[in-house]
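Okay, here's what each chain looks like letter by letter:
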Amino acid sequence: MSASEPTTTKAPTLESLVGNLPYAKGHGTGNDFVLVADPTDQHHIDKHQVAALCDRHRGIGADGLIRAVPSKFLAEGREVLESSPDAYWFMDYRNSDGSISEMCGNGVRVFVHFLLAEKLVELPVGSQLSIGTRAGVKIVTRLNDGYAVDMGPWEFIFEQAATENGLDSRVSTAGLEKVRGALSISMGNPHTVVALANETELENLELFTIPEVLPLPPHGTNVEYVVAADPVVVEGVGSLRMRVHERGVGETLACGTGACAAAMATRHWAQALDVLQWKVQVPGGELGIEFTPGATGREHVVLSGPAVLVSRGAISAS
Ligand SMILES: N[C@@H](CCC[C@H](N)C(=O)O)C(=O)O
């Protein structure tokens with residue numbers, strides 16, 4: 001190659017996408033998504049197209065893409081329908097790098113808000129809707145000022161180490177001097193929660209590189225860094241601050257499933273299992289967490305927070 005030749009690598013483009021594909025852009029506490037309604041399963045947006053759409057310089061820009069498709073069209077959706085025949089809509093979620101994740105807690109609130117705006121469902125305040133996801137059915141309740149989602153049961157990923165000493169992994173992160181102990185929790189998708197000493201440590205993290213987690217949960221992990229409030233519980237409500245590095249995305253302003261895992265880890269470390277209400281401050285706002293007895297006999301986590309649609313458009317790259 002001569003010195004005058006351009007050195008740019010070929011970036012994924014949007015040209016291969018169907019012309020004039022309508023989309024909406026929305027977010028939940030700053031965790032943002034491109035949303036596409038696909039009632040007849042016409043739009044098979046592949047991994048590269050998702051990455052191109054989510055590109056913040058050459059595309060629309062988002063932390064992920066969500067396709068709203070009837071559950072009956074996907075194998076995972078048909079599985080959900082076997083136990084929950086009312087889960088008509090399926091949240092087909094992808095991270096911004098095009099990878100699939102089992103679940104997205106902020107995404108499912110924005111998803112239901114989008115279904116309502118598209119007039120694909122009716123949902124008066126106080127009523128509930130079942131949504132199919134790759135982590136099973138999720139029941140979403142419409143609130144006056146947002147949505148509450150029953151995210152199902154939490155689970156330790158490395159059960160024995162977690163229950164024996166409360167730590168099961170070690171995480172090293174740019175901007176954090178020492179390697180830290182951590183606790184891995186599944187919310188349908190994997191999370192590894194790291195407790196930091198103070199707010200300065202939280203602010204100094206450099207989350208533009210992928211944290212190193214050992215042992216790494218089998219399907220990779222999202223990493224949440226938390227600082228518990230002092231005191232951690234006030235009038236029966238626990239609080240913490242959190243930043244997150246998401247698998248398949250990078251740092252985001254919020255992660256709903258991550259907030260559930262972070263509240264659970266903090267509750268475990270603080271030996272505060274009787275504290276059922278938690279507030280999680282994320283860079284994009286605040287999320288509410290409630291631990292409730294689940295129908296299956298296992299404890300469930302209910303996540304609540306806002307959902308906002310900010311724009312609509314049509315993908316028409318040329
Ligand atoms: N931001 C989401 C989680 C999205 C998926 C995650 N990056 C993964 O790969 O598991 C949330 O709000 O839960």
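Identification of the protein chain as Diaminopimelate epimerase from Paeniglutamicibacter terrestris is taken from an unreviewed UniProt entry. We quote the UniProt Subcellular location (unreviewed entry) comment for the protein chain here in full: "Cytoplasm".

(A) A look at the domain arrangement of the protein chain. Here the domain parsing of the protein chain yields domain 1 (21–152) and domain 2 (153–293). Taking only C-alpha atoms, the centre of domain 1 and the centre of domain 2 are 24 Å apart. Counting residues at the interface gives 20 residues for domain 1 and 19 residues for domain 2. Secondary structure elements with two or more residues in the side of domain 1 that touches domain 2: α3 (105–117) and β7 (146–153). By residue class, the composition of the side of domain 1 that touches domain 2 is 4 nonpolar, 13 polar and 3 charged.

(B) Spotlight on the UniProt feature "binding site: substrate" (unreviewed entry) in the protein chain. Feature annotation in UniProt places "binding site: substrate" (unreviewed entry) on N31, N95, G105, N106, N189, N222, E246, R247, G256 and T257, given in this structure's numbering. You can see G105 is positioned in helix α3. By the C-beta count within 10 Å, which is 29 here, G105 ends up buried. Residue contacts for G105: discarding those within four places in its chain leaves V149, M151, G256, T257, C260 and L303. Mapping E246 onto the fold places it in strand β14 (residues 237–246).

(C) Representation of the nonpolar core. Counting residues in hydrophobic clusters, the biggest one holds 79 residues, and the most contacted among them are A259 and C260. If one sorts the elements of this core by residue count, helix α6 (residues 256–269) sits on top with 7 residues. Two domains each provide a minimum of three residues to this core, namely domain 1 (21–152) and domain 2 (153–293). Those residues in contact with A259 that lie beyond four places of it in its chain are M242, V280, V282, L287, I289 and L303.

(D) Here's a closer look at the site of the ligand. Around the ligand, the structure places 18 residues, and the nearest of them are S101, N106, N189, G256 and T257. Among the elements of the structure, α3 and α6 are those that each provide at least two residues to the shell around the ligand. Here the shell around the ligand is composed, by residue class, of 3 nonpolar, 13 polar and 2 charged. Residue assignment places the shell around the ligand across two domains, with domain 1 (21–152) and domain 2 (153–293) each supplying three or more.

(E) How the structure looks around helix α1 (residues 47–54). For α1, a buried count of 6 out of 8 residues is recorded, marking the element as mostly surrounded by other parts of the structure. All buried positions along α1 are accounted for by Q49, V50, A51, A52, L53 and C54.

(F) The arrangement of the UniProt feature "active site" (unreviewed entry) in the protein chain in detail. Per the UniProt entry, the sites bearing "active site" (unreviewed entry) are C104 and C255 in this numbering. What stands out for the annotated residues spanning 152 residues is how close their C-alpha atoms remain, the widest pair being 7.7 Å apart. Within the secondary structure, C104 is located in the loop between β4 (89–95) and α3. C104 sits in the buried class, given 29 other C-beta atoms within 10 Å. Apart from the residues lying within four places of it in its own chain, the contact partners of C104 are G64, Y93, G256 and T257. Examined against the element boundaries, C255 turns out to sit in the loop between β15 (250–252) and α6. When neighbours within four sequence positions are excluded, C255 is seen to be in contact with N31, N106, N222, V244 and E246.

(G) Local environment of the environment of P70. Within the secondary structure, P70 sits in strand β3 (residues 64–70). By the C-beta count within 10 Å, which is 18 here, P70 ends up partly exposed. Residues P70 and I131 lie 61 residues apart in sequence; the distance between their C-alpha atoms is 9.8 Å. Those residues in contact with P70 that sit more than four places away from it in its chain are P39, Y88, W89 and F90.

The rules behind the values
Residues numbered from 1 in each chain as written. Predicted model: local features only at pLDDT ≥ 70, side-chain atom pairs only at ≥ 80, totals over all residues. UniProt positions renumbered as here; feature names shortened; annotations may be inferred. Domains from an automatic or database assignment. Contact = placed C-beta atoms within 7 Å. Helix = DSSP H or I, 4+ residues; strand = E, 2+ residues; numbered from the N terminus. Nonpolar A, V, L, I, M, F, W, Y, C, P; charged D, E, K, R; others polar. Buried ≥ 20, exposed ≤ 12 C-beta atoms within 10 Å, placed from the backbone. Core = buried A, V, L, I, M, F, W, Y, C linked by C-beta atoms within 7 Å. Near = placed C-beta within 6 Å.

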